[in-house]
Amino acid sequence: MPLLPQNGTLGIQRAAHLLRRATFGATKAQVDYYAGLSAAQAVTELFTTGLPDAPAPVEPETGINWVDAAYDADTELNYQELFVRWYLGRILGSGNSASTALAESAREKVVFFLHTFFTTKRRKVVSGRALYYQNELFRMFAYDKQDSPLGPRDFRTLVKKVSLDNAMIRFLDGNGNVKGSPNENYAREMLELYTIGRGLEGSNPPAAAQGDYIHYTEQDVRAAANVLTGYEFDDTFSRIDPETNLPTCRIKGGTIGSAHEQDDSKKVFSERFANQQITQNASLMTGADPSWESMTDELEQLIAMIYGQREASLHLCRKLYRYYLHYDIGQSLDNDIISDMADIFIAGGYRIQPVIEALLTSTHFFEAVSGTDDDKFGCIIKSPLELIAGTITFLEVQIPDQTSQPAEFDMLASDMLSLIQRQGMELYEPDEVAGYPAYHQFPKFNRNWITTNYLVQRYDFIRTILDSNMGTWNIRYFISQNFGGAAGDARQLIMAMAPYMFPLATNLDFNSSTGTITGERLSYFLYAFLTANQYSEAEWTSLYANEAVNYLEVETLLKSLFNAMLQTPEYQLF
């Protein structure tokens, strides 16, 4: 069955579901606005073009753009820490205009997907500028439905750019990949992780000989490694790619016009690729030597050969599905939904934006399935990044502008990165070459985010927010601005908040714009809110009627309610 479009207006439940998955969080007002749109209208607004460029990263003490500073090996380690804080600011939308905030958040969600796909570890790269330029490359290709005047923006082109990216060259040892002594690290990960993969996990593929990975073989790894010989990290960042205006790597052991470390022999691939051969284009060479043009032409031949296999498209679409919808992909779903996504990817010129848009506007994305094993709502555990960013956004915690208030932002970002790390995620330092386990490790996937210690740290973060130890936030103001009409009635307040905070809230009715929570859950929240503090519902109504005078009691009780709701198992899901 193809991905059929979702019709009608979204309503609160579906709008909240879409914004949780497609962005790093939304306010109540934003959910309410999107509730009145159709899925197609909502996704069109989220994936709008013409967004402002990300602001330049600056040093917190001086406000100077450190990317443009002269190269100094001693400062690169500091720059990589500054880069991670700057990138967190993009995820949080620091300094974003209210009119484009959600669209920029949706773009950053795609950027983060690309980071989880083309993994990089900052302590191996040890260059803030290389990481920054790679991140900007991802941002440039996040919305790829249309080409740029500078050059193509499809996913195959992105694979080429990543293969020549300075951060990737250093991360997977491209410097050591030379003629006569190839280093296979990048070629191996290119095939296994970044392009064709090893097929659907848990699908019990037929037994293969040693060195045969079903869709490619060791012969292919060696041949691809030889294609990729002859490049090195450019620590001057002076070689600019005219199709992106971003720095790229350089030729090793030669000049732009002549490369001595590139293997210019014929590369022969296995039967998995129909024994295809890749050779240097003599017309692009400099005499007998490979040139930048002939080397990159071979790389383009390699990528075209890989994406000539349908499995490469299926591999990417599985990753997209797991990122945006659900980690569990069985053979039936792979044959149906994933195959349809791959058709869209290929027909669209190997672009991911049409695939994401088709998925996020489909009935498959929005339908709630009977039972709990594969429900689309509340089936993914939030990553520490999603938990913190989503909570801060929903509660409207004010984040300092990273451009005009760099010192204040840097201090807050440092604290937040520490909170994220204590919850089991170190940004731009995933546990392994394959990335953060939650996005690839079969069969646990996102359950990797939860341990006893990590759960305690999640609860501590909630207490940090409620104690106003992060940014500036006033709980009474938040309630009055967002739920003022229901705030005087304890039951109505809880019922009004639940659909915005919980993915199911708990009984979902697709014929209604709001959800309801069970009587048992309502009683629990009422107990934490009032009974445990020795207040009745009537006393709350009286207190809130004069909340400006009774502000201390009101704040104490509201914090008890928020603490109970934000620490529930439901809130850890999205």
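A brief look at the structure comes next. (Residues numbered from 1 in each chain as written. Predicted model: local features only at pLDDT ≥ 70, side-chain atom pairs only at ≥ 80, totals over all residues. Heavy atoms only, no water.)

Digging into the overall build of the protein
Here's step 1: Regarding its fold elements, the protein presents 24 helices and 6 strands.
Here's step 2: Taking 574 residues into account, the globule formula puts the C-alpha radius of gyration at 25 Å, and the protein, at 25 Å, falls close to it.
Here's step 3: Relative to all contacts within the protein whose residues are 6 or more apart in sequence, the contacts with residues 24 or more apart total 74%.
Here's step 4: Carbon together with sulfur atoms contributes 49% to the accessible area of the protein, which is approximately 22,100 Å² in total. (Helix = DSSP H or I, 4+ residues; strand = E, 2+ residues; numbered from the N terminus. Rg over C-alpha atoms; globule rule 2.2 N^0.38 Å. Contact = heavy atoms within 4.5 Å. Areas by Shrake-Rupley, 256 points an atom, 1.4 Å probe, with all protein chains shown as cover.)

Points about helix H24 (residues 551-566)
Here's step 1: For H24, with 16 residues, the first-to-last C-alpha span of 21 Å sits near the 22 Å given by 1.5 Å per residue.
Here's step 2: Among the residues of H24, Val554, Glu555, Leu557, Leu558, Ser560, Leu561, Phe562, Ala564, Met565 and Leu566 are the ones counted as buried.
Here's step 3: Contacts made by the buried residues of H24 are with helix H19 (452-466), helix H20 (475-483), helix H21 (490-501), helix H22 (519-529) and helix H23 (537-545). (Expected span 1.5 Å × (residues − 1). Buried < 20%, exposed > 50% of the residue type's maximum accessible area, 1.4 Å probe, protein only.)

Regarding the pattern of salt bridges
Here's step 1: One pass over the full model with this rule turns up 36 salt bridges.
Here's step 2: Its salt-bridge partner being Arg107, residue Glu104 comes within 3.8 Å of it at the nearest N-O pair. Placement of the pair is Glu104 and Arg107 together in helix H5 (residues 101-117), with a separation of 3 residues, close to one helical turn. Across this residue pair, the class does not change: Glu104 and Arg107 are buried.
Here's step 3: Note that Lys161 is salt-bridged to Glu243, the shortest N-O span being 2.7 Å. Taken together, the positions of Lys161 in helix H8 (residues 155-163) and Glu243 in the loop between strand E2 (240-241) and strand E3 (246-247) put the pair 82 residues apart, joining distant regions of the chain.
Here's step 4: Using a relative accessible area of 7% as the deciding quantity, one classes Lys161 as buried.
Here's step 5: Since its relative accessible area comes to 25%, Glu243 is described here as partly exposed. (Salt bridge = Lys/Arg side-chain N within 4 Å of Asp/Glu carboxyl O.)

A look at unusual backbone geometry
The phi torsion of most residues other than glycine is negative, and most of the peptide bonds are trans.
Here's step 1: In this structure, the amide linkage connecting Phe442 to the following residue, Pro443, adopts the cis form with an omega of 0 degrees.
Here's step 2: With respect to the helices and strands, the residue Pro443 is situated in the loop between helix H18 (406-422) and H19.
Here's step 3: Of note in the backbone geometry, Ile214 takes a positive phi value of approximately 75 degrees without being a glycine.
Here's step 4: Tracing the backbone through its elements, the reader meets Ile214 in the loop between helix H10 (185-194) and helix H11 (218-227).
Here's step 5: Note on Ile214: relative accessible area 22%, which makes it partly exposed.
Here's step 6: A positive phi is found at Gln534, a non-glycine position, where the angle reads about 65 degrees.
Here's step 7: Topologically, Gln534 is positioned in the loop between H22 and H23.
Here's step 8: Overall, Gln534 belongs to the exposed group, its relative accessible area being 72%.

Structural notes on helix H13 (residues 310-324)
Here's step 1: End to end, H13 covers 21 Å across 15 residues, agreeing with the expected 21 Å (1.5 Å per residue, within 8%).
Here's step 2: The element H13 is largely enclosed, with a buried count of 14 among its 15 residues.

A closer look at the packing of aromatic side chains
Here's step 1: For the coordinates displayed, the defined rule picks out 45 aromatic pairs.
Here's step 2: On the numbers, 5.1 Å between centres and 70 degrees between planes, the contact of Trp86 with Tyr132 is edge-to-face. Taken together, the residues Trp86 in helix H4 (residues 73-92) and Tyr132 in helix H7 (residues 128-142) connect sequence positions 46 residues apart.
Here's step 3: Given the relative accessible area of 4%, Trp86 is considered buried.
Here's step 4: Ring geometry for Tyr231 versus Trp292: centroids 5.7 Å apart, planes at 85 degrees, classification edge-to-face. Here Tyr231 is found in strand E1 (residues 231-232), whereas its partner Trp292 is found in helix H12 (residues 292-307), with 61 residues between them in sequence. Like Trp292, Tyr231 is buried.
Here's step 5: The ring of Phe233 has Arg170 sitting right over it, with the charged end atom 3.7 Å from the ring centre. (Phe/Tyr/Trp six-rings, centres within 6.5 Å; stacked < 30°, edge-to-face > 60°. Lys NZ or Arg CZ within 6 Å of the ring centre and 35° of its normal.)

Brief notes about the environment of Tyr321
Here's step 1: Tracing the sequence through the fold places Tyr321 in helix H13.
Here's step 2: Given a relative accessible area of 1%, Tyr321 falls into the buried group.
Here's step 3: Once the C-alpha coordinates of Tyr321 and Ile278 are considered, the two residues, 43 residues apart in sequence, prove to be 33 Å apart.

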